Amino acid sequence: MKITFLTMALDAMPFITRHIEQFEKLKLDWEWRIAEGVASPSHCTKWCAPMVPRLSLDGTTGYLEALTNWDPRVKLWQREQWNGKLHMLNTMCLSIREPGLVWEIDADEMWTADQITYMAAMFRKNAKKNCAHFRCHYHVGKDIVITSRGGYGNNDAYEWKRVWRWDPGMSWESHEPPRIAGFTEQPFTHKETEKAGLVFNHYAYATEAQVAFKEHYYGSPNNEAGKLYLNAVENWRKLQLNREWPIAQLNEFLPWVGDGVRAERL
């Protein structure tokens, strides 16, 4: 069963460099497809802020180009401007020619080779399952992680859909939330994947550069919650300096996470 990994990338250092080591440990047939560049605020992400068309500025572009020359299983699509993230996903999937698994993996989401191998085995053993939902260790600092469930970072109502059975000709109709046209989910549930040890590390707000990007990108006037991202960098810095743990209300530092979200320093 071939696995096609999908990643959308822009200024993805240093996290983008960590995937290939795990992929190359796999004894499965795999391919890593990457779309690099700015996604315009359109379709399901029209609420995000517009950006000047470009490729990455932090070394991601050079790294990815070198990687495609080093390993032919890595495929790269580059555009300075995409018509939204939906365009990026469908472009990467258009040329899939055989049934298998499609696995969306953001640049800052970390999986081990053992986890990937075990997930593929679960799909082989249960032909009725056609997708999988996961929980994660959601990082909001270098060594700070969200520990609560049912809220921001681990909301089972919409997080985290990452793996699907895929047949040639299928297409995406939405990225946020992930949704495939004409697809009826029969998923491995959050409880099933967590019981199997399939909980990934999501370094979403691990560095100041990530926070600065999201302060602009999510702080768009088109976003109903955009005002919550004002001064995101300043508030994130205060979180890193906090000395009293655990934090019962993370929104005292990061307003966009909502009520009841707890965090702990590792």
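For the structure itself, look to the data block above.
Everything quoted here is computed from the prediction, not taken from an experiment.

About the thresholds
- Residues numbered from 1 in each chain as written.
- Predicted model: local features only at pLDDT ≥ 70, side-chain atom pairs only at ≥ 80, totals over all residues.
- Heavy atoms only, no water.
- Helix = DSSP H or I, 4+ residues; strand = E, 2+ residues; numbered from the N terminus.
- Rg over C-alpha atoms; globule rule 2.2 N^0.38 Å.
- Buried < 20%, exposed > 50% of the residue type's maximum accessible area, 1.4 Å probe, protein only.
- Contact = heavy atoms within 4.5 Å.
- Salt bridge = Lys/Arg side-chain N within 4 Å of Asp/Glu carboxyl O.
- Axes fitted to C-alpha atoms, helices over the stretch in contact; angles between N-to-C directions.
- Left-handed = near helix turned anticlockwise from the far one by under 90°.
- Nonpolar A, V, L, I, M, F, W, Y, C, P; charged D, E, K, R; others polar.
- Pairing = 2+ DSSP bridges.
- Right-handed = clockwise from strand over helix to strand, strands pointing away.
- Core = buried A, V, L, I, M, F, W, Y, C linked by side-chain atoms within 4.5 Å.
- Polar contact = N/O pair within 3.5 Å; in protein donor to acceptor, adjacent residues only side chain to side chain.
- Phe/Tyr/Trp six-rings, centres within 6.5 Å; stacked < 30°, edge-to-face > 60°.

A word on the overall build of the protein
For the protein, the count of helices and strands is seven helices and 14 strands. Relative to the globule expectation of 18 Å for 266 residues, the C-alpha radius of gyration of the protein, 18 Å, shows essentially globular dimensions. With respect to the principal axes defined by its C-alpha atoms, the protein has extents near 50 × 40 × 35 Å. Looking at the protein as a whole, 54% of its 266 residues are labelled buried.

Regarding helix 3 (residues 84-93)
Counting buried residues in helix 3 gives eight out of ten residues, a clear majority hidden from the surface. Looking at helix 3, one finds that the buried residues are G84, K85, L86, M88, L89, T91, M92 and C93. Against strand 1 (2-9), strand 2 (30-39), strand 3 (74-82), strand 9 (161-166), strand 10 (172-174) and helix 6 (208-217) lie the buried residues of helix 3.

Points about the pattern of salt bridges
On inspection of all chains with the given rule, the structure shows 18 salt bridges. Across the pair R73 and D71 runs a salt bridge, and its minimum N-O distance is 3.0 Å. Residues E109 and R162 are paired through a salt bridge, measuring 2.7 Å at the closest nitrogen-oxygen approach. Here R162 lies in strand 9 and E109 lies in strand 5 (residues 109-110), a separation of 53 residues in the sequence. With relative accessibility at 0%, the residue E109 sits in the buried group. Here R162 falls in the buried class, since its relative accessible area comes to 4%. Connected via shared salt-bridge partners are E104, D106, E109 and R162.

A closer look at the packing of helix 6 against helix 7 (residues 232-241)
Across the interface, helix 6 lies against helix 7 with an axial gap of 8 Å and an inter-helix angle of 145°. Considering only the axes of helix 6 and helix 7, their crossing is right-handed. Here helix 6 contributes E208, V211, A212 and E215 to the contact with helix 7, which in turn contributes A232, V233, W236 and R237. Tallied by class, residues from the contact of helix 6 with helix 7 come to five nonpolar, no polar and three charged.

Digging into the pairing of strand 3
Both faces of the sheet carry side chains from a regular strand, because those side chains alternate between them. The pairing of strand 2 with strand 3 spans seven bridges and is classified as parallel. Paired with V38 across the bridge in strand 3 is Q81. Handedness of the strand 2-helix 2 (residues 60-70)-strand 3 crossover: right-handed.

Some remarks on the sheet that holds strand 14 (residues 263-265)
One open sheet holds the five strands; their spatial order is 5-13-7-8-14, and the pairing between them is mixed. Of all the strands in the sheet, the pair left with one neighbour each is strand 5 and strand 14. By the bridge criterion, three bridges tie strand 7 (residues 136-141) to strand 13 (residues 200-202) in an arrangement that is parallel. Of the residues in strand 13, the one forming a bridge with Y138 is H202. With respect to the sheet, helix 7 is in contact with strand 7, strand 8 (144-146) and strand 14, its orientation differing from that of strand 7 by roughly 100°.

Structural notes on the nonpolar core
If you look at soluble globular proteins, the nonpolar side chains tend to sit buried side by side. Core analysis: the biggest nonpolar cluster contains 80 residues, and F5, W32, W172 and Y205 have the highest contact counts within it. Those residues in contact with W172, other than ones at most four positions away along the chain, are L6, L86, L89, N90, C93, V102, W164, W166, P178, R179 and I180.

A closer look at the side chain of H202
Its place among the elements puts H202 in strand 13. The exposure class assigned to H202 is buried, which follows from its relative accessible area of 4%. Polar contacts involving the side chain of H202 include one to the side chain of D108, which spans 3.3 Å. Ignoring sequence-local partners within four residues, the contact set of H202 consists of D108, E109, C136, H137, Y138, H139 and W160.

Looking at the pairing of strand 9
Counting buried positions along strand 9 yields five of six residues, so the element is predominantly enclosed. Sheet topology places strand 4 (residues 100-104) next to strand 9; four bridges connect them, and they run antiparallel. Its bridge partner lying in strand 9, W103 is registered against V163. Where strand 6 (residues 131-133) and strand 9 come together, three bridges link them in antiparallel fashion. The partner of A132 across the bridge, within strand 9, is V163.

Some thoughts on the packing of aromatic side chains
A complete count under the given rule lists 22 aromatic pairs for this structure. Centre to centre, the rings of F15 and Y203 are 5.9 Å apart; their planes meet at 15°, and the pair counts as stacked. Highlighted residues: F15 in the loop between strand 1 and helix 1 (19-23) and Y203 in the loop between strand 13 and helix 6, separated in sequence by 188 residues. Ring centres of W111 and F200 lie 4.7 Å apart, and the angle between their planes is 25°; on these two criteria the pair is classed as stacked. Of this pair, W111 sits in the loop between strand 5 and helix 4 (113-125) while F200 sits in strand 13; the two residues are 89 residues apart in sequence, bridging distant segments of the chain. Residue W111 is classed as buried on the basis of its relative accessible area of 5%. Residue F200 is classed as buried on the basis of its relative accessible area of 0%.

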